[in-house]
Amino acid sequence: MDVEAKRIMALSISKLYSLRTQRGGLSLHRSLLLSLTVRAARDIYHTAQLLRDAEEEQVVPCAPDAAIEEPMEISNDSPQTLTPKEVAMKPQEPKETLEDDKENRCASERHSRKRCCKTAVEPDFLPLKKAKMDTDEEKQHLHGEVLRTNNGNSCRQAETLTAFPTNRAIVAC
Amino acid sequence: MFTRIIRDPASPTEEVSALLCSVAADIISTVEFNSTGELLATGDKGGRVVVFQREQESKNQPHRRGEYNVYSTFQSHEPEFDYLKSLEIEEKINKIRWLPQQNAAYFLLSTNDKTVKLWKISERDKRPEGYNLKDEDGRIRDPATITTLRVPVLQPMDLMVEATPRRVFSNAHTYHINSISVNSDYETFMSTDDLRINLWNLEITNRSFNIVDIKPANMEELTEVITAAEFHPHQCNTFVYSSSKGSIRLCDMRASALCDNHSKFFEEPEDPSNRSFFSEIISSISDVKFSHSGRYLMTRDYLTVKVWDLNMESKPLETYQVHDYLRSKLCSLYENDCIFDKFECVWNGSDSVIMTGSYNNFFRMFDRNTKRDVTLEASRENSKPRAILKPRKVCVGGKRRKDEISVDSLDFSKKIIHTAWHPSENIIAVAATNNLYIFQDKVN
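Residues numbered from 1 in each chain as written. Chains lettered and ligands numbered in written order. Predicted model: local features only at pLDDT ≥ 70, side-chain atom pairs only at ≥ 80, totals over all residues. Heavy atoms only, no water.

Visitor: What is the right way to look at the confidence of the model for chain B in this model?
Guide: Detailed reading of the predicted model is not advised wherever pLDDT is low. Residues and elements named next belong to chain B. On average, chain B scores 90 in pLDDT, and the residues at 70 or more come to 91%. Of the regions scoring below 50 in pLDDT, residues 1–15 engages in 50 contacts with residues more than four places distant in sequence or in other chains. Note on the complex model: pTM 0.76, ipTM 0.86. (pLDDT = per-residue confidence, 0-100. Contact = heavy atoms within 4.5 Å.)

In structure tokens:
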């Protein structure tokens, strides 16, 4: 179930990003429906994760607290940037979702420190980050946001966001 | 390029035959009959409007009655660029609504995402001839050669149909316009975008009144948008608007200037057993239409059509499954974006039959009295001359009969979103991507 949820989240986020480049401008209705789907999938994903974490509580702890503290701070740090465009506020939703994910995941990791050697890996449903030219102010904020959250915590290089190909198969880790 | 197929007058009643009008080029984005059914307007993605006119009955060729021929074609909207927001504004015509006819000319409202225009379509069959200052070719005459004065005389000429923009209603919508509706007072109309509804006077273009505003103070708290709105057919103070959450609000403009508080709220509680990732999306209402009588409302969401009684807000009067076999395919339909298709629905003239589109160029009709329904297909193969439309069936279970089509064989790129029903006769117009089909019932 959570594999499906993750896949739908990734799909929805990529659709949200591709909406930006559509002719005619951002569709508020479509963005809203996509965000709601992301949220629904996220809720299911987290529920499934919590259940799995509860099962793993038996494992011996090994990850230090310090490493986990860092992403928490960074996530809390991320301001909700107010953009001049009202409509563009909607795409802040997926970013916020990602931040929440980070928080929730880190929180759950904090609780079950007993987890063995499970590095705080970034959820693999996030779009692959590649360099992208973007003059939009709001997109620059988003860009900056993601770079910060990668700081020292992800096993991936910090890269910029790009449209996520929808036919990419998401493999659960 | 247009082809017309003459229907077969010898065919039995209750069957539907085809008149095909093929519009080259663009994807049709709206279809609308005028109030008498004499004219049929289509708008397309390229911003063009094509108006068809029904041929008059003639004694020589009685079977040609009912054919729609092209009457006028004009470019309604052009692509624009909003430099302030760095956004392109599409020229696609979202909706066309006819005004009731008050003189020899015809008037219609057409809208794209941002601007509504009032077009006048008029005929010219006379031309003034005999000017004093210019000759027949239009060249200015040398004043020295003018020795007499004459009065110009109107001479007959070949019929010319011209469309002129009479009003442009712009700069009133931040979001994309999804509906327009002419009021029964014939003085005002409303235009609706995702968050706001504005009321206009047909004569005044530089001012409009906002009557509904559901924009939250903090956009991050946005939970629903307006998807469609329509005025009541007889009560000029009443209108309804539908939301992406599956609810309909009826508002009375006499209650207050800003109709944020509804008079009636129609919503059916969700069936918890049907809950999925996509429940929100499929409950979003894509179209809302008053019945001609004004007593009922019809709404279309992704899988169903519902008829509501204006006097009962708690649940719909009738629910019709359009293509319930898609319920298990929602994930794939989400992937290919089909789940976002905004199907429309229409009433027939007597409010006894409702019609809506589906995929594979299928469209469905539901008879509210007999509770019978039929699935028909709009395709070139089925629309040969004198062709009677054969009912189609989608096979859901394992065993597929010879005539049936299985769910997996459905072509989701062929969708019927826009349909229209003649106001008094059993003539329907069905838009299948860039083709327009006109079908008639054979009641002789």
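Back to the text.
Visitor: Which parts of the structure should I look at to understand the sheet that holds strand β11 (residues 153–169) of chain B?
Guide: By way of backbone hydrogen bonds, the strands of a sheet pair with one another, either parallel or antiparallel. All names here are of chain B. Across the sheet, which stays open at both edges, the four strands sit in the order β8-β9-β10-β11 with antiparallel pairing between neighbours. Two strands in the sheet have a free side with no partner beyond their single neighbour: β8 (95–98) and β11. Recorded for the sheet is a direction-independent mean angle of 25° between the axes of neighbouring strands. Sheet topology note: the β8/strand β9 (residues 106–111) ladder contains four bridges and is antiparallel. What sits directly across from W98, in β9, is L108. (Pairing = 2+ DSSP bridges. Helix = DSSP H or I, 4+ residues; strand = E, 2+ residues; numbered from the N terminus. Axes fitted to C-alpha atoms, helices over the stretch in contact; angles between N-to-C directions.)

Visitor: Is there a simple way to explain helix α1 (residues 2–20) of chain A in this structure?
Guide: Residues spaced three or four apart along an α-helix face the same direction, because each turn holds 3.6 residues. Across its 19 residues, α1 of chain A extends 28 Å between first and last C-alpha, which sits within 8% of the 27 Å expected from 1.5 Å per residue. Among the 19 residues that make up α1 of chain A, 15 are buried, leaving the element largely enclosed by the rest of the structure. (Expected span 1.5 Å × (residues − 1). Buried < 20%, exposed > 50% of the residue type's maximum accessible area, 1.4 Å probe, protein only.)

Visitor: What is the right way to look at the interface of chain B and chain A in this model?
Guide: The figure often quoted for interface size is the accessible area lost as the parts come together. With 32 residues of chain B at the contact, the number on the chain A side is 32 residues. Surface buried jointly by chain B and chain A totals about 2900 Å² across both partners, of which 61% is contributed by carbon and sulfur atoms. When the buried surface of chain B facing chain A is broken down by residue, E220, F277 and Y334 of chain B rank first, second and third, together holding 27% of it. One salt bridge connects D337 of chain B with R30 of chain A, and the closest N-O pair in it is separated by 3.9 Å. Joining chain B to chain A, the criterion identifies eleven residue pairs in polar contact (both at pLDDT 80 or more). Counting residues per element, the side of chain B that touches chain A draws most heavily on helix α2 (residues 330–335) of chain B, which supplies three residues. (Buried area = accessible area lost by both parts, 1.4 Å probe. Salt bridge = Lys/Arg side-chain N within 4 Å of Asp/Glu carboxyl O. Polar contact = N/O pair within 3.5 Å; in protein donor to acceptor, adjacent residues only side chain to side chain.)

Visitor: Would you take a moment to explain the pattern of salt bridges for this structure?
Guide: Oppositely charged side chains can pair when the atoms bearing their charge come close. Scanning the entire structure with this criterion turns up 34 salt bridges over all chains. Where R97 of chain B meets E32 of chain B, a salt bridge forms, and the shortest distance between an N and an O atom there is 3.0 Å. Residue R97 of chain B is found in strand β8, and its partner E32 of chain B is found in strand β2 (residues 28–33); the two are separated by 65 residues along the sequence. Connected through salt bridges with shared partners, the residues R23 of chain A together with E88, E90 and E91 of chain B form a single ionic network.

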